[in-house]
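A structural walkthrough
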Amino acid sequence: MAVKRDYGSFAKASTRLLTPQVKSLGYHPWYGGAFGREKEGWVEGFFLQQSQWGSGDFCVNIGIHAPSFDSLWAMDGEKRHFGLLIAWRLFDAATEQDAERWYNAKNKDQLQISLRLVVAALAKADGWFHQFGSFPDVVEQYRVRNNLPYEPHGDLWITAVMNYGLLLLLDDAKPQATQWLRFAGELLSRPNYWDPKARTFTHESGPGLKLVKPTKDDELRRRVLESALAKAES
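The notes below deal with the structure included here. (Residues numbered from 1 in each chain as written. Predicted model: local features only at pLDDT ≥ 70, side-chain atom pairs only at ≥ 80, totals over all residues. Heavy atoms only, no water.)

1. Some thoughts on the packing of helix H6 (residues 174–189) against helix H7 (residues 216–232)
- It is the contact of H6 with H7, at a shortest axis distance of 10 Å, that shows an interaxial angle of 155°. Viewed along their axes, H6 and H7 adopt a mutual orientation that is roughly antiparallel. Here H6 runs over H7; the crossing is left-handed. For the pair H6 and H7, contact is made by Lys174, Thr178, Leu181, Arg182, Ala184, Gly185 and Leu188 and by Asp218, Arg221, Arg222, Leu225, Ala228, Leu229, Lys231 and Ala232, respectively.
- Looking at the contact of H6 with H7 residue by residue, the class counts come to seven nonpolar, two polar and six charged. (Axes fitted to C-alpha atoms, helices over the stretch in contact; angles between N-to-C directions. Helix = DSSP H or I, 4+ residues; strand = E, 2+ residues; numbered from the N terminus. Parallel < 35°, antiparallel > 145°, perpendicular 65-115°, else oblique. Left-handed = near helix turned anticlockwise from the far one by under 90°. Contact = heavy atoms within 4.5 Å. Nonpolar A, V, L, I, M, F, W, Y, C, P; charged D, E, K, R; others polar.)

2. A look at helix H5 (residues 158–170)
- Taking 1.5 Å per residue as the helical rise, H5 with its 13 residues ought to reach 18 Å, and the 18 Å between its terminal C-alpha atoms agrees with that figure.
- Most of H5 sits inside the fold, with 12 of its 13 residues counted as buried.
- Those residues of H5 that fall on the buried side of the exposure criterion are Ile158, Thr159, Ala160, Val161, Met162, Asn163, Tyr164, Gly165, Leu166, Leu167, Leu168 and Leu169.
- As for H5, its buried residues are in contact with helix H2 (67–73), helix H4 (135–145), H6 and H7. (Expected span 1.5 Å × (residues − 1). Buried < 20%, exposed > 50% of the residue type's maximum accessible area, 1.4 Å probe, protein only.)

3. Quick notes on the side chain of Asp70
- Position of Asp70 relative to the elements: it lies in helix H2.
- When its relative accessible area of 17% is taken as the criterion, Asp70 is described as buried.
- If near-sequence neighbours (up to four positions away) are discounted, Asp70 is found in contact with Tyr31, His65, His81 and Gly83.

4. Re the sheet that holds strand S6 (residues 192–195)
- With antiparallel pairing, the three strands of this open sheet are ordered in space as S7-S6-S8. Only two strands of the sheet have a single neighbouring strand rather than two, namely strand S7 (200–202) and strand S8 (210–212). This sheet shows a mean twist of 40° between the axes of neighbouring strands, independent of strand direction. (Pairing = 2+ DSSP bridges.)

5. Some remarks on the pairing of S6
- As paired elements, S6 and S8 share three bridges and run antiparallel to each other. Bridge assignment links Tyr193 to a residue of S8, and that residue is Leu211.
- Across three bridges, S6 lies against S7 in antiparallel orientation. Along S7, the bridge assignment pairs Trp194 with Phe201.

Coordinates in, geometry out; function isn't part of it.
What follows is the structure, encoded as structure tokens:
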């Protein structure tokens, strides 16, 4: 069973200790306990994620944040958060692959030692950000990393399709954005069925499948799509 964490105290302590250590790397405190380096249209950043099991251990999520992208999703005045569109978890080698490290933080001494290790790994990770020389690079890397084709077709993941369309809109690629956002609307209009045996969703009905009712998230997606399409088609 997960143990309740005092994340507020952890975030304050880690932010206070990290701020002077990452200043030389160009990072400064963002919001929600995150750190960032602002670019033209995106932010290179990272944030610490505490274990849900109450050990005090934490990992470091690093990647690309796009503030304007979040504003397109914020239809109900939600609080801002530091969400990484492209992300990976830091470890000593500081290369993007299937590895991660959980750092010890049971007490202040452990936290201080762990944060020094984090800073060293962050310095090594600097080269990873060099692939993003412009906002179009961010957009294209999002497409590649989510296995999206050049043209919208097939049974694709609705969230990835929507996000890619929104990123194209932010990149002022309105014709392409319109194409992807309309396709997202088509995907959203398809019925959704749950297969309890395979434990997967499908758009095709069949024996034993249960029709899933639209959710609040689906309603939010529709509203975001309407707003974005109005901008893309203007």
